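Below are the chains, spelled out letter by letter.
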Amino acid sequence: MYTTQDEQRLYNLAKTLMDADGENAESTIIQLREVLNYADWKYYVQSEPVLADVEYDTLFKKLQRLEEQHPEYVTADSPTQRVAKGLSEKFPAVSHLVPMLSLDNTYNADDLRDWDRRCKELAGTDDIEYCAEPKYDGASISIIYENGQLARGATRGDGVMGEEVTTNIKQIRSIPLSAAFTKAGINQIEIRGEVVINKDVFTAYNTQRIAEGLSPLANPRNAASGTLRILDPAEVGKRKLSAILYHISYYTQTGDAIPDALHTHYGSLNWLYELGFPTPVKEMKRFRSIDEVIAFCEAFEVRRDDLPYEVDGLVIKVNSFALQDKMGMTTHHPRWAVAYKFKARQATSKLLRVEFQVGRTGSVTPVAKIEPVPIGGVTVSSISLFNEDVVREKDLHIGDTVLVERAGDVIPYIVKPLAELRNGTEEKIIFPTHCPVCNEELEKPEEEAVWRCINISCPAQVVERIIHFASKDAMDIRNMGDANVRKFYELGLLKNIPAIYTINWDEVSKLGGFGEKSVTNLQTAIDNSKQQPLNRVIYGLGIRHVGETMAKTLANAVTHIRDLYDYTEEQLLALDDVGPKVAASVLHFFHTQENRHMIDLLEQAGVNLVNQKRNTPQGSGELEGKTFLFTGTLSRFKRSDAEAMVEAKGGTLLSSVSSKLNYLVVGEDAGSKLEKAKKLGTVAILSEDEFLGLING
Ligand code: IVH
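Owing to the predicted nature of the structure, the values given are computational and were not obtained by experimental measurement. (Residues numbered from 1 in each chain as written. Predicted model: local features only at pLDDT ≥ 70, side-chain atom pairs only at ≥ 80, totals over all residues. Heavy atoms only, no water.)

(A) Region of the structure containing the site of the ligand. Close to the ligand lie 15 residues, the nearest being Glu 133, Pro 134, Lys 135, Tyr 136 and Lys 317. The contact in question runs from a nitrogen atom of the ligand to an N or O atom on the backbone of Tyr 136, over 3.0 Å. Taking Glu 194, its side chain carries an N or O atom lying 3.1 Å from an oxygen atom of the ligand. Surface burial for the ligand is 88%, taken as the share of its 530 Å² of free accessible area covered by protein chains. Breaking the shell around the ligand down by element, the ones donating at least two residues are strand 3 (130-136), strand 8 (242-253) and strand 10 (311-318). (Near = heavy atom within 4 Å. Polar contact = N/O pair within 3.5 Å; in protein donor to acceptor, adjacent residues only side chain to side chain. Areas by Shrake-Rupley, 256 points an atom, 1.4 Å probe, with all protein chains shown as cover. Helix = DSSP H or I, 4+ residues; strand = E, 2+ residues; numbered from the N terminus.)

Listed below in structure tokens is the structure:
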């Protein structure tokens, strides 16, 4: 798609455009468009960002500004055109150019051998090449390009008619808005694929929803198909959908000669990839016999969790289009393709009882206790039901037989009760009106789905808050895990967060299981935590809606934590990503007397409450003005520690290789970043030892 020369030219052009405009508005707009589309492709299709976020944003804003001044130069494939206004109507129904069929399923080697025999009969030859690729577990889409421009995007619907969701499809940044089809003599082309949400994006999104008191989405598949039907495209954009395209279902051409690439499935997906589309070129393999296919399927199933998205099997396709045409389709599925389904990650079990757990913020979560059942190699016995709405929507009853799913890294969830198996002895799930731990009456704030215990001295909350404060991402007090916190709390040795620093060690030594060594280790870990940076302290305080990133934003804004006592709502809203919810929660926290008292006690204990970076006089850090980036697997230290060393000395971290980068520290298996730094020639490349040498002066 881009030659090395193209890449170098576009990269240099990006750098030039950052500081200066081109000759005239029209040519600058064209150049910015080209550069940003290239950056999108590198980021979303190749996963190798070439521009730092700020650089991309600068260029994007520049293009937006120029297009506002010169609307006559705006084209449909400008990256600014992905950002759309809200849709006014529901999605209109559209008919697919070719029906979107399903796939026939196989579950084992014998099924695949049967399919292979049928293929050979239908094809009239034993010489068939197969292609295998992942079966993506998302929402299927059809996209149509006309004269090289993305003209329509639609959901599968019933296979004949789908919903037109072009505006939302344009939010998926890996799908090109235009592609060089015309050059290849193609006027119109329909491409099929799957929209998915990567597992980490899905987990982060659900964590946020739960923190906001909303019901989590069931699984990445539902999340992807639901997102495609959201009426607000800006919200669709935020959900970070990905796409993989795996089939050309239709095309019309100017000439008679079929383009070379369009004789085989393998060729066609490579061709689309060359044109800038996300296709499974890296995962797709060709085979000469069904035995090879079977071996690949079995090996792939073992690795299924290594992929960033969910797959529920593999799809095996006859590679030659000529043979595909000869074999044809049924009304349900093509005869030249078959799905090999991986072992189900579903099982049925019995819902024994529901327990109610009180969290750090007082949220009361129903947790289903089920008869232990193995699913995909893990025994599941406890499943969060999140909130009352989830229980009501699913109409769950104690004693129900339930269908449980555990998709990859995603936490297990109850799909539904099997109502047809009820015998009349099932019981309603009764929600408590009072806190199961401290008996305070529960409250349910409007617009929230969770009930809360608002007694901030509720023992359950206190314990959870201490556990959070000591946790790895907060103050990182090793050995002070769940069990110890609970034990110390129950024995009256630890009543609140600051009490961590005044534990009576004589009493601890008397407890079984606490030898001299473990006491010393714990004391050292507690002592070390006093030097943690301010952002970790703020995160550890457990302010609602303040996650790790927000804690950094707050810490960076102040010199001492007490500065936050005087912050107004307006000042808070002016900080990055702070919305009304966060602002209200931060204000409330720092205006609560108990919390201020807690901060006093932490200070007395010697816990760092200042922003050390701000308090270091400008220019005194030895690495002041120097920029660093780490790549590859580091063996001498953890990446986060190394980054902290750089920051402690006044250095700055960058997220990608650019002319602004001074040092690239490389571990094992460093890839494209190293290549790029070498190409640039201006970046000093350091081994881990050399880096340590530099840090230690
Ligand atoms: S080929 C006529 N390839 O699975 C071509 N489908 O259960 C048929 N799917 O409806 C589709 N990954 O939505 C194909 N690599 C892949 C796929 C794939 C996922 C979906 C597709 C299909 C469904 C059938």
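(B) Looking closely at helix 21 (residues 593-605). Taking 1.5 Å per residue as the helical rise, helix 21 with its 13 residues ought to reach 18 Å, and the 19 Å between its terminal C-alpha atoms agrees with that figure. The complete set of buried residues in helix 21 reads Asn 595, Met 598, Ile 599, Leu 602 and Ala 605. One side of helix 21 holds all its buried residues, which, seen down the axis, span an arc of 120°. Residues of helix 21 that are exposed and point more than 90 degrees away from the buried face comprise Gln 593 and Gln 604. Contacts from the buried residues of helix 21 go to helix 13 (459-470) and helix 20 (580-590). Looking one or two residues beyond helix 21, the residue adopting positive phi is Gly 606, at roughly 95°. (Expected span 1.5 Å × (residues − 1). Buried < 20%, exposed > 50% of the residue type's maximum accessible area, 1.4 Å probe, protein only. Arc of directions from axis to C-beta. Contact = heavy atoms within 4.5 Å.)

(C) Quick peek at the packing of aromatic side chains. Following the criterion strictly, the structure yields 23 aromatic pairs and no others. Taking 5.6 Å as the distance between ring centres and 45° as the angle between the ring planes, the aromatic pair formed by Phe 488 and Phe 514 counts as tilted. One end of the pair, Phe 488, is in helix 14 (residues 482-490); the other, Phe 514, is in the loop between helix 15 (505-510) and helix 16 (516-529), with 26 residues separating them in the sequence. Taken as a pair, Phe 488 and Phe 514 share a single burial class, namely buried. Here Phe 630 and Phe 691 contribute two aromatic rings whose centre-to-centre distance is 5.2 Å and whose plane-to-plane angle is 85°, an arrangement assigned as edge-to-face. Taken together, the residues Phe 630 in strand 19 (residues 627-631) and Phe 691 in helix 25 (residues 688-695) connect sequence positions 61 residues apart. Phe 630 sits in the buried class, given a relative accessible area of 2%. Following the ring pairs from residue to residue traces out a cluster consisting of Phe 287, Phe 296, Phe 300, Tyr 340 and Phe 342. Here Arg 286 stacks its cationic end above the ring of Tyr 266, 3.6 Å away from the centre of that ring. (Phe/Tyr/Trp six-rings, centres within 6.5 Å; stacked < 30°, edge-to-face > 60°. Lys NZ or Arg CZ within 6 Å of the ring centre and 35° of its normal.)

(D) Here's a closer look at empty space enclosed by the protein. Under the defined criterion, the tally for this structure stands at 1 cavity of 30 Å³ or more. Size it by volume and the largest cavity reaches roughly 50 Å³. Every residue lining the largest cavity is listed: Phe 356, Val 364, Phe 386, Asn 387, Glu 388, Phe 431, Pro 432, Leu 442, Ala 449, Val 450 and Trp 451. Of the residues that constitute the lining of the largest cavity, the class distribution is 9 nonpolar, 1 polar and 1 charged. (1 Å grid on protein atoms, 1.4 Å probe; cavity = no way out; pocket = protein on both sides within 12 Å on 5 of 7 lines; lining within 4 Å. Points joined across faces, edges and corners; volume = space filled by probe spheres on them. Nonpolar A, V, L, I, M, F, W, Y, C, P; charged D, E, K, R; others polar.)

(E) Molecular detail of the sheet that holds strand 20 (residues 652-653). Strand order in the open sheet made by the 4 strands is 20-19-21-22, with parallel pairing throughout. In this open sheet, the two edge strands, each paired with only one partner strand, are strand 20 and strand 22 (684-686). Direction of pairing for strand 19 relative to strand 20: parallel, over a ladder of 2 bridges. Note on strand 20: the bridge partner recorded for Thr 627 is Thr 652. Lying over the sheet, helix 25 contacts strand 19, strand 21 (663-666) and strand 22, oriented at roughly 105° with respect to strand 22. (Pairing = 2+ DSSP bridges. Axes fitted to C-alpha atoms, helices over the stretch in contact; angles between N-to-C directions.)

(F) Here's a closer look at unusual backbone geometry. Although it is not a glycine, Phe 386 adopts a positive phi angle of roughly 70°. You can see Phe 386 is positioned in the loop between strand 14 (378-384) and helix 12 (388-394). For Asp 395, which is not glycine, the phi torsion reads 55° and is therefore positive. Counting through the fold element by element, Asp 395 comes out in the loop between helix 12 and strand 15 (401-405).

(G) Just the packing of helix 1 (residues 4-19) against helix 2 (residues 25-45), in detail. Contact geometry for helix 1 and helix 2: axes closest at 10 Å, N-to-C directions at 120°. One finds that helix 1 runs oblique with respect to helix 2. As for the relative orientation of helix 1 and helix 2, their crossing is left-handed in sense. Contacts from Glu 7, Arg 9, Leu 10, Tyr 11, Leu 13, Ala 14 and Leu 17 of helix 1 reach helix 2 at Thr 28, Gln 31, Leu 32, Glu 34, Val 35, Tyr 38, Trp 41 and Lys 42. Tallied by class, the residues present in the contact of helix 1 with helix 2 amount to 9 nonpolar, 2 polar and 4 charged. (Parallel < 35°, antiparallel > 145°, perpendicular 65-115°, else oblique. Left-handed = near helix turned anticlockwise from the far one by under 90°.)

(H) Just the sheet that holds strand 4 (residues 139-146), in detail. The sheet built from 4 strands is open, its strands ordered 5-4-7-8 with antiparallel pairing. Across the chains shown, the open sheet's two edge strands, defined by having one partner strand only, are strand 5 (149-155) and strand 8. Strand-to-strand, the axes of this sheet are offset by a mean angle of 25°, without reference to chain direction. Judged from the 6 bridges that link them, strand 4 and strand 5 form a sheet pairing that is antiparallel. When the sheet's bridge partners are listed, Ile 141 is paired in strand 5 with Thr 155.

(I) Structural detail: the nonpolar core. Judged by nonpolar contacts, the single largest core of 63 residues is most densely connected at Ile 143, Phe 181, Trp 271 and Phe 277. Secondary structure elements with two or more residues in this core: helix 1, helix 2, helix 3 (53-69), strand 4, strand 7 (186-196), helix 7 (220-228), strand 8 and helix 9 (265-274). When residues in this core are grouped by element, the largest group, 9 residues, is from helix 2. Leave out the neighbours within four places in its chain, and Trp 271 touches Phe 181, Ala 184, Ile 186, Ile 189, Ile 248, Ala 261 and Leu 262. Listed in part, the 59 residues of the second largest apolar core include Ile 477, Leu 511, Val 537 and Met 598. (Core = buried A, V, L, I, M, F, W, Y, C linked by side-chain atoms within 4.5 Å.)

(J) Spatial organisation of the side chain of Glu 448. Considering the arrangement of structural elements, one finds Glu 448 in the loop between strand 17 (442-443) and strand 18 (451-453). Glu 448 sits in the buried class, given a relative accessible area of 17%. Excluding anything up to four places from it in sequence, Glu 448 contacts Glu 212, Gly 213 and Arg 544.

(K) Summary view of the pairing of strand 3. With respect to burial, strand 3 is a largely interior element, 7 of its 7 residues being buried. Relative to strand 9 (residues 285-287), strand 3 runs antiparallel, the two sharing 3 bridges. Bridged to Ala 132 within strand 9 is Lys 285. Pairing analysis gives 7 bridges linking strand 3 to strand 10, with the strands arranged antiparallel. Considered in strand 10, the bridge of Cys 131 is made with Lys 317.

(L) Inspection of the pattern of salt bridges at higher detail. Applying the stated criterion across every chain, the model contains 39 salt bridges. Between Glu 405 and Arg 221 there is a salt bridge; the shortest N-O distance is 3.4 Å. In this pair, Glu 405 is assigned in strand 15 and Arg 221 in helix 7, connecting sequence segments 184 residues apart. Residue class for Arg 221 comes out partly exposed when judged on its relative accessible area of 28%. Arg 544 is paired through a salt bridge with Glu 448; the nearest N and O atoms lie 3.3 Å apart. Taken as a pair, Arg 544 in the loop between helix 17 (534-540) and helix 18 (548-557) and Glu 448 in the loop between strand 17 and strand 18 lie far apart in primary sequence, 96 residues in all. Its relative accessible area of 25% is what places Arg 544 among the partly exposed residues. (Salt bridge = Lys/Arg side-chain N within 4 Å of Asp/Glu carboxyl O.)

Interpretation in functional terms is not warranted from these geometric data alone.
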